[in-house]
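# Remarks on the overall topology
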Amino acid sequence: MNNIISTTCLFLLLLPLTSCTTKNKEVYLVEFEENTNEDKTLHEIENTHHSYLLLVKETEEDAKASLLYSYKHTFNGFAALLTPNEANNLSGMEGVGSVRKSERKIYSLHTTRSWKFVGLDRSFDSYEEKSNETNGDLLAKGKYGQDIIVGMIDNGVWPDSKSFSDEGMGPVPQKWKGVCQNGTEFGSTNCNRKIIGARYYLQGYESIYGPLNETDDYKSARDKDGHGTHTSSIVAGRAVPNASALGGFARGTAIGGAPLARLAIYKACWAIKGKPKNEGNLCTNIDMLKAIDDAIEDGVDVISISIGFPEPVKYDDDVIAKSSLQAVRKNIVVVCSAGNAGPVPHSLSNPAPWIITVGASTVDRSFVAPIKLSNGTIIEGRSITPLHKENIFRPLVLASDVEYAGITSANSSGFCLDNTLDPIKVKGKIVLCMRGIGGRLKKGLEVERAGGFGFILGNNKTYANDLASDLHFIPATAVTYENTLKLIQYINSTLNSMAQLLPGTTVLDTKPAPSMALFSSRGPNIIDPNILKPDITAPGVDILAAWTAEDGPTRMTDHDNRVVKYNIFSGTSMSCPHVSAASVLLKAMHPTWTPAAIRSALMTSAKTTDNTGTTITDETGNPATPFAMGSGHFNPKRASNPGLIYDASFNDYLLYLCNLKLTQNISITYTCPNPLPQPFDLNYPSIQIHKLNYTKTITRTVTNVGRSKSVYKFISKPPKEFSMKATPSVLKFTYVGQKRNFVITVTENREELASESDSEKYFFGWYSWTDRYHVVNSPVAVSFQ
């Protein structure tokens, strides 16, 4: 992580846009009144769209050139370059529902100890031979994801990585209808029985920014950045023994969660012109819309999207939300990252209830790089930076004491900002730089510029225990807020303070784990306070996975010429594909389950405790709430046999959207019934109540997917501020697939509430259904009027 937004997982950057001024043309979305696309080929659809454009364009060539994309599934219409006059003429034509300028929303992109940590390490070494096992192992029962197709909406893939070998894999599934699109350094031979398809999308990008600069990125599905390669290998990478990051950190077998799944690559995100890779990527809405549209048409089973917007976006303004609903309609599971804007409340992205929204947490592996002080004290630090210089005691100084005189203010002193350190005072020393202002990697570059030997990144109170394992350019380590105070006290109390940076090592089975990542975006969901988000958390900190050979491990292209085959990276971009892989295994094991059933199984089986047996904590060491971790840390083995599921159909989502008056804004023709069910009655595995006025009843339905004859009892764990009860409190089932309805009544305990209640303050509880074999957990969040 270089800074929370750009490097951890490239979560969305909002950039100033320049209009396409060629003949005053801009991108418009033309939507038709009736959707008659389902039985047509894409070629037929394109011809229809071309015929409309011929009516407003001067020549056939101009009509063809102006058509950017024709959509079949996600949007009933096309994207085209039009003048305002041409758009106005189109809007009056028969059959045309609307013509509107494309919203200039620019998205961007938001391993392997993690699988062992969640219990999916069994039989990894010889999974090809054991894929027909029928024992209790989820990997075996899920056939390691064999023949399940995952659509990766990202910034491409490095197909040469051993993680994408197709050795021993069978023929491409017959249901696959996609292509392997030729482009720069990417041809049909780069697809195989692992990467079965690849496409790229530039029309939206180039309509805004002009032609792609091919020194910045490949004009193809090849990944020059590393992000798409990393996420793809987390989902479905083959077993690669003896993989490690630079310096040998995290050495072991790199493998994806569903190593026999197939990958379909959809490159919709591109380098920012003239910027180093660590400053992010960008993805235009019409490019992403087309990528998801093609993924649906091609026949994928799961779509993994580590992309989002820097702030919550209304469903009808969010192409990920709108197009994902059409994917779910086709029984495709859609998994998205929650974002990297945490720990700020209300910051999560991708909150639509038909999406599985994933936060990021740690695993039980640390990269310990201690500091030894001259008095013999050892201070623990974290780093994945190899010690490449003579390792001896050196003077330890505070950055604020070695700055140029008068160059910084009281608010900017001590942060090792660019050109602030005095080489005369820094040469040969170890500098303690504070975290909070400026990029972490750039601090090391500033110490290097001033002639320092190395530096220590010290947390302030905000970052507390959140430690970044960065790959710096000079010897370095990072310390907690508590240890930062110890170092400051030592420097201020010692006449000749000296320190030695000790070599870093990989330490396994660390405790407590998991804990929430500071950068992971938080709820509550402000798009619709009836839906609790995120849904779940998964490993997203210091994940080892495949990398491109065209980008250094820090992605700082101006400084980093190092080449790695595997890299350690962090972000919700990394946690999202973990849940995508788990969804692959569940879909293989339960082919008739809906996307909602798979989400429910993952959520209700998630763990809320760490490996010490206590509640999962956040970066401050306090118990994490469902607004950080959702239902908890994903537990794929338990998810394979959840006992009960909360199912929901496409029609249920339409009824939900009727309440929000959005069915006409998401390319769906649907007549809403009267009366409507309440939006909070959407059959979701969690409950969020905003501004409770004394009491509320919420209806839910569970489906038995466990033992045919079973009895479940209700258990609740509310806080003192409210109570919960279920009617009935016992659910009896006599066959698999049987459904039972129940009502949850939530009532405020007025005597426990402050006299002036804050409607933005939430209180959290849990309820469960349990028989002798299963515990089906659901979090509840409540605020009061």
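A brief report on the enclosed structure follows. The residue count restarts for each chain, going from 1 along the sequence in the order it is written. This being a predicted model, a pLDDT of at least 70 is required before a residue's local features are given, and a value of 80 or more before pairs of side-chain atoms are given or counted; all residues contribute to the totals for chains, interfaces and linings. By convention in this description, side-chain values take in all heavy atoms of the structure and omit both hydrogens and water.

## Describing the state of the cysteines
Working definition: a disulfide is two cysteine sulfur atoms within 2.5 Å of each other. Enumeration according to the criterion identifies four disulfides in this entry. Paired by a disulfide, Cys180 and Cys191 hold their sulfur atoms 2.0 Å apart. Across the S-S bond linking Cys180 and Cys191, the dihedral sits near 90 degrees, which makes this disulfide right-handed. Of this pair, Cys180 sits in the loop between strand E6 (149-154) and strand E7 (195-200) while Cys191 sits in the loop between E6 and E7, and the two are 11 residues apart along the sequence. Secondary structure elements are defined from DSSP: runs of H or I of at least 4 residues count as helices, runs of E of at least 2 residues count as strands, and each element is numbered from the N terminus.

## Here's the deal with the pattern of salt bridges
Salt bridges are identified by distance alone: a Lys or Arg side-chain nitrogen within 4 Å of an Asp or Glu carboxyl oxygen. Under the criterion given, the structure shown has 27 salt bridges. One salt bridge in this structure joins Lys57 and Glu86, with 2.8 Å as the shortest N-O distance. With a gap of 29 residues between them, Lys57 in the loop between helix H1 (42-54) and helix H2 (60-66) and Glu86 in helix H3 (residues 84-91) connect regions that are remote in the sequence. Here Lys486 ties to Glu482 by a salt bridge, and the two come within 4.0 Å at their closest N and O atoms. Highlighted residues: Lys486 and Glu482, both in helix H12 (residues 481-493), separated by four residues, approximately one helical turn. Taken together, the shared-partner salt bridges in this structure form one network comprising Arg199, Lys290, Asp294 and Asp298.

## Digging into the nonpolar core
Formed by 60 residues in total, the largest nonpolar core has its most connected members in Ile153, Tyr266, Val300, Ile303, Ile305, Ile307 and Trp354. Here a residue-residue contact requires only that any non-hydrogen atoms of the pair lie within 4.5 Å. The residues contacting Val300, other than those within four sequence positions of it, are Ile149, Gly151, Trp176, Ala264, Tyr266, Ala295 and Ile332. Within this scheme, the nonpolar core is defined by two criteria: the residues are buried Ala, Val, Leu, Ile, Met, Phe, Trp, Tyr or Cys, and they are joined through side-chain atoms within 4.5 Å. Here the term buried applies to any residue with accessible area under 20% of the maximum for its type, exposed to any over 50%, and partly exposed to those in between, with areas from a 1.4 Å probe on protein chains only. In terms of nonpolar packing, the next biggest core, distinct from the first, is built from 44 residues, Met152, Leu260, Ile356 and Leu586 among them.

## Overview of the sheet that holds strand E19 (residues 378-379)
One requirement defines pairing of two strands: DSSP has to find at least two bridges between them. Taken in spatial order, the seven strands make up an open sheet running E19-E18-E24-E20-E21-E22-E23, and their pairing is mixed. Strands with a single pairing partner mark the edges of an open sheet, and in this sheet they are E19 and strand E23 (476-479). In terms of strand pairing, strand E18 (residues 371-373) meets strand E24 (residues 498-501) through three bridges, oriented antiparallel. The partner of Ile371 across the bridge, within E24, is Leu501. Sheet strands touched by helix H11 (residues 440-449): strand E21 (430-434) and strand E22 (454-458). Its angle to E22, the strand with the most contacts, is close to 145 degrees. Working convention: axes come from line fits to C-alpha atoms, limited for helices to the stretch in contact. Angles between N-to-C directions cover 0 to 180 degrees.

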